[in-house]
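Summary of structural features
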Amino acid sequence: MVKVVAKNLSKVFKKGKVIALDNINITINNGERFGILGPSGAGKTTLMRSIAGLDVPSSGELYFDDKLVAGNGKLFVPPEDRRIGMVFQTWALYPNLTAFENIAFPLTNMKMSKEEIRKKVEEVAKILDISHVLSHYPRELSGGQQQRVSLARALVKQPSLLLLDEPFSNLDARMRDSARALVREVQNELGITLIIVSHDPADIFAIAERVGVLVKGKFAQIGNPDEIYNDPVSVEVASLIGEINELEGKLSNEGVIVSSFKFPPDTYRKDNPASEKIMIGVRPENVKLSKEVINDDSWIFVGKGKIKVVGYQGGLFRITVSPPDSEEEIVTYTDHRTNIGEEILVYVKKHSVMVFNQ
Amino acid sequence: MRPVIKASLHYLALAVVSVLWLIPVYAMVINGFKSDLEVSSTPVLVPPTQFSIGAYVSVFGSLAKPLLNSLIIVIPTSFIAAFLGAMGAYFFYTLSYSYSRFSSTLSDVLFSLIALATFIPYQATLIPLTRLIVDMGLLDTYAGIIFAMLIFYIPTGALLMSMFISVLPRSLVEAAKIDGTGDLKIFLKIVFPLSMPGFISTLIFIIIQSWNNFFIPLVLVTTPEMKLISVAVEAYTGGYGTLYNDTFAAAMLASIIPLAIFIFLGRYFIRGLIALGGGGKGV
Ligand SMILES: Nc1ncnc2c1ncn2[C@@H]1O[C@H](COP(=O)(O)OP(=O)(O)OP(=O)(O)O)[C@@H](O)[C@H]1O
Ligand SMILES: [Mg+2]
C-alpha cells in the first residue's frame, strides 16, 4: 500500500571507511513483492534498515509514495510512524514477554479492545502453528518457533510495508513452505508492499515478482526472477540466484575449450564471446550424462567425462564429473545411480550455456 | 602449579581476607553484649563472660525514632533515585543512538556532567544546599532531606543504570519503535523489566549510601525529633565519658538494616553485576 523510492541512496559507516550502500536507485511499487539477493556483507540489512528508518542514509533521498521520509542525512519520518512490519535477521523478540504478549505488542499501541487483540493474535498464531506455545517465553521456544513469533508480530498489525530480513532461515523444509505460502497469502489479501531479503533463491522464486541482486552496495541487476536466473549479468549474479557450474575456458574458432571439453557456438545462450579468456556458466539442469550417444538435436555433446563424486540429495543423485586429467568440475542431477570412476558422455542443452567475457 | 595446591592457596587467601573483614564486625557484636564494667576491663576481642543486653536496652530507647526517621527518608529516596536514574539512563541511551551528531554529542556532554556531579563531595555543596532548602521552607522536614538526597543520588542512579541499560540489545528498542511504541512505553515495558537485576543492584547501593549519609542530615535537621540514625549514632562516639558497650550496641543497631538488605538481597546485587558481564542476558 506504499511505493518505496530510493534516489541515489548511500550509506557509509565509520566516517566513510565502510560503504554499505553505494548510490542505490530503485522504485518498489505499491503492492509489489520485491526480493533482495546478495552475498554476505553486500548491504542487504543496511538497505532494509534504511527503509525502516532505523538507519539514516548518509546521502540521497528515500520516499514513501511522494513523501520524503529521509534525505541528506536527516530523518523526516521516524520508524514508529512508517507503518512497517519487520522481521529482523535476529528476530528481536522481547525476552520478558510471552509469545502471546510479543505478538500482541504492536496491537497494544493501537486503540483496540483486549478481546479483539486476543482474537487477532490467536488467528495468526493458528496459521503459523504456534498456538500451543503462546504462553512460552522466547527462551522456551525453538529457533523456528521464535522466527514464527517474530513473523506473527510483524503480520498481526497489518502494516502497509512488510520487511523480511532472512525470515525463514531457521525453518525446516515443510514449515518453510507454509511460511512462504502464508506470507504470500497475507500480502495478497492486504495488498501490502513486501520486501524480502534471503540467501535462499527458493524463497525469492516463491515470493518475489521482481528481484534485485545487491553486490557490494550496488544493484548489479534488477529484474524478474526468471530473467535473472536465465540471463544474469555476471557469474556472481548467476550463482546467487541458483546453482551453477562455473568453468574457465579459452576461446577458439570451434567454441570455448575447457580442458578436454569443448562448448561449440550452438550451446551459447546468446552472447558472443569476445575476449580470449572466457567464463562460462552452466546450470545443472542443462547438463545430461549418458552412457550411450544421444540422438537429439537439443542436446549437444561436449566431451567424455569421468565421474568423481556421487551424492544423494532430494531424491536425486548429485553427480560431479570432470574431464579426464582435469580439476574442472561439472555438477548435475540424475535419477539413476552411476559409479565413481566410470567414463560417461557429457551433453549440454542447446542455447543454455552462459558466456561471460573477462 | 598443581590444581589442588592452586585451589588451596586460593581458599587460604579468601579465608584471610574474610577474617580481616569480619574482625570489626565481630568486635561490634560481642562488645555490645558486655556489661559496663566488663567492656572497659577486658580486651576488645575477648567475648563477654556474661551476655548482657543492658547496652541495647539503654541505646534502643534513644535510637528508635532516628531509625524510623532513617527508614522514612531512605526508602523513598532510594526508589525514586534509582527509578528516575534509570529513566535518565534510558534517555541517554536513546540520545547516543540518535541519528543526529548533535544529540549524540549532547548526550556525551550531559553524561560527563552527571558523572562529574556524582564525584562532587557533599561538604563542598553544603552551604548552597542548606540555603536552597531553607528558601524552599523545607528545613527540618522529611521532604527537605529527601529532596537534598535526591539531588545527589539521582545522578548516581543514572550513572549506574546506564551501565546496565547500555548492554541491552539495541534491536529490542528498534523492534519496539517499529511496533509503533513511544519511548515511555518502551522504557516501562521493555527496558525497565529487562534491566531489573541492574535496578536492584542500584537500589541496594543507594539504600546503603543514603543510610550512611552523614552530612546532609547533619545540616538539614535542627530538632532532635528529626534526627537520622547516622547522626544519632555519632552521639555515642567521642566526647567525654564514652561508654563503649553503648557505642557498639548503637553501631550494631544502625547497621542492622543495611546488613539485612545485603544478606537478603545480596545475591541480586551480584546477579546484576553478572548480567553486566554476560551482555545483559541475566534475565
Ligand atoms: N553499524 C555498522 N557499523 C559499521 N559497519 C557496518 C555497520 N552495519 C553494517 N556495516 C557494514 O556494512 C556492510 C553491509 O552490512 P549488512 O549488514 O547490510 O550486510 P548484509 O548484506 O545484510 O549481510 P548478511 O547477508 O551477512 O546479513 C558490511 O560490510 C558491514 O560490515
Ligand atoms: Mg543481513
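Cut-offs and rules
Residues numbered from 1 in each chain as written. Chains lettered and ligands numbered in written order. Predicted model: local features only at pLDDT ≥ 70, side-chain atom pairs only at ≥ 80, totals over all residues. Heavy atoms only, no water. 1 Å grid on protein atoms, 1.4 Å probe; cavity = no way out; pocket = protein on both sides within 12 Å on 5 of 7 lines; lining within 4 Å. Points joined across faces, edges and corners; volume = space filled by probe spheres on them. Pairing = 2+ DSSP bridges. Helix = DSSP H or I, 4+ residues; strand = E, 2+ residues; numbered from the N terminus. Contact = heavy atoms within 4.5 Å. Axes fitted to C-alpha atoms, helices over the stretch in contact; angles between N-to-C directions. Domains from an automatic or database assignment. Buried area = accessible area lost by both parts, 1.4 Å probe. Salt bridge = Lys/Arg side-chain N within 4 Å of Asp/Glu carboxyl O. Polar contact = N/O pair within 3.5 Å; in protein donor to acceptor, adjacent residues only side chain to side chain. Nonpolar A, V, L, I, M, F, W, Y, C, P; charged D, E, K, R; others polar. Donors = N, O, S within 2.8 Å, 3.2 Å for Na, K, Ca; no water. Phe/Tyr/Trp six-rings, centres within 6.5 Å; stacked < 30°, edge-to-face > 60°. Buried < 20%, exposed > 50% of the residue type's maximum accessible area, 1.4 Å probe, protein only. Near = heavy atom within 4 Å.

**Some points on empty space enclosed by the protein**
- Applying the stated criterion across every chain yields a total of two cavities of 30 Å³ or more.
- Taken as a whole, the second largest cavity holds about 30 Å³ of empty space.
- Lining the second largest cavity, in full, are Met86(A), Phe88(A), Arg153(A), Ala175(B), Ile178(B) and Asp179(B).

**Re the sheet that holds strand E6 (residues 74-75) of chain A**
Residue and element names in this part refer to chain A.
- One open sheet holds the five strands; their spatial order is E2-E1-E4-E5-E6, and the pairing between them is antiparallel. Bordering the open sheet on either side are strand E2 (18-28) and E6, each of which pairs with just one other strand.
- Bridge count between strand E4 (residues 59-64) and strand E5 (residues 67-71): four bridges; the pairing is antiparallel. Bridging across to E5, Phe64 finds its partner in Lys67.
- Sitting on the sheet, helix H1 (residues 44-52) touches strand E1 (4-13), E2 and E4, and the angle it makes with E1 is about 120 degrees.

**Things to note about the domain arrangement of chain A**
All names here are of chain A.
- Each assigned domain of chain A is listed here: domain 1 (4-237) and domain 2 (244-357).
- Each of domain 1 and domain 2 was reduced to a C-alpha centroid, and the two centroids are 38 Å apart.
- Listed as interface residues are eight residues of domain 1 and, on the opposing side, eight residues of domain 2.
- Between domain 1 and domain 2, the buried area comes to about 730 Å², and carbon and sulfur atoms account for 55% of it.
- For domain 1, the biggest contributors to the area lost against domain 2 are Tyr229, Asp231 and Val235; these three give 70% of the whole.
- Across the contact surface, domain 1 and domain 2 share one salt bridge.
- Arg269 is paired through a salt bridge with Asp231; the nearest N and O atoms lie 2.8 Å apart.
- Take the side of domain 1 that touches domain 2: its biggest share by element is three residues, from helix H7 (residues 225-230).

**Focus: the interface of chain A and chain B**
- Between chain A and chain B, the contact holds 24 residues from the first and 17 residues from the second.
- Each partner contributes to the roughly 1900 Å² buried at the junction of chain A and chain B, and carbon and sulfur atoms together form 60% of this total.
- Considering only the surface of chain A that becomes buried against chain B, Glu80(A), Tyr94(A) and Phe105(A) emerge as the three largest contributors, covering 26% of it.
- Taken together, chain A and chain B are joined by three salt bridges.
- Between Asp179(B) and Lys157(A) there is a salt bridge, with the nearest N and O atoms lying 3.6 Å from each other.
- For the pair chain A and chain B, the interface holds nine residue pairs in polar contact (both at pLDDT 80 or more).
- Of all the secondary-structure elements, those providing two or more residues to the side of chain A that touches chain B are H1, strand E7 (84-87) and helix H2 (99-108) of chain A.
- Examining the composition of the side of chain A that touches chain B, we find that three residues originate from one element, H2(A), more than from any other.
- Grouping the constituent residues of the side of chain A that touches chain B by class yields 15 nonpolar, five polar and four charged.

**A look at the coordination of the magnesium ion (ligand 2)**
- All of the protein donors around the magnesium ion (ligand 2) are Thr45(A) (OG1) and Gln89(A) (OE1); their distances to the metal are 1.8 to 2.4 Å. Here Thr45(A) is found in helix H1, whereas its partner Gln89(A) is found in the loop between E7 and H2, with 44 residues between them in sequence.

**Concerning the domain arrangement of chain B**
Residues and elements named next belong to chain B.
- By the assigned domains, chain B splits into domain 1 (1-52) and domain 2 (56-281).
- One C-alpha centre belongs to domain 1, the other to domain 2; they are set 31 Å apart.
- The interface is formed by 10 residues belonging to domain 1 together with eight residues belonging to domain 2.
- Taken over both partners, the interface formed by domain 1 and domain 2 buries close to 810 Å², and the fraction arising from carbon and sulfur atoms is 73%.
- Interface area lost by domain 1 to domain 2 is led by Met28, Gly32 and Val39, which between them contribute 53%.
- Across the domain 1-domain 2 interface, the total number found is two residue pairs in polar contact (both at pLDDT 80 or more).
- Of all elements in the fold, only helix H1 (3-32) and helix H2 (36-41) reach the threshold of two or more residues within the side of domain 1 that touches domain 2.
- Here the side of domain 1 that touches domain 2 gets five residues from one element, more than from any other, and that element is H1.
- When its residues are assigned to classes, the side of domain 1 that touches domain 2 shows five nonpolar, three polar and two charged.

**Describing the sheet that holds strand E17 (residues 299-313) of chain A**
All names here are of chain A.
- Strand order in this open sheet of five strands is E16-E20-E17-E18-E19, and the pairing throughout is antiparallel. Each of the sheet's edge strands pairs with one partner strand only, and the pair in question is strand E16 (287-290) and strand E19 (330-334). For this sheet, the mean angle separating the axes of adjacent strands, direction not counted, is 45 degrees.
- Judged from the four bridges that link them, E16 and strand E20 (residues 343-349) form a sheet pairing that is antiparallel. Its bridge partner lying in E20, Ser290 is registered against Leu345.

**Focus: the packing of aromatic side chains**
Residues and elements named next belong to chain B.
- A full pass over the atoms with the stated rule returns 16 aromatic pairs over all chains.
- Ring plane angle 35 degrees and centroid distance 5.9 Å describe the contact between Tyr90 and Phe187, whose orientation is recorded as tilted. Residue Tyr90 is located in helix H3 (residues 54-96), and its partner Phe187 is located in helix H8 (residues 183-194); the two are separated by 97 residues in the primary sequence. Here Tyr90 and Phe187 have matching classes, each one buried.

**Some remarks on the site of ligand 1**
Residue and element names in this part refer to chain A.
- Ser40, Gly41, Lys44, Thr45 and Thr46 are the nearest of the 13 residues found near ligand 1.
- Within the backbone of Gly43, an N or O atom sits 3.0 Å from an oxygen atom of ligand 1.
- One of the side-chain N or O atoms of Lys44 is found 2.7 Å from an oxygen atom in ligand 1.
- Of all the secondary-structure elements, those providing two or more residues to the shell around ligand 1 are E2 and H1.
- Top contributing element to the shell around ligand 1 by residue count: H1, with three residues.
- Class assignment for the residues of the shell around ligand 1 results in five nonpolar, seven polar and one charged.

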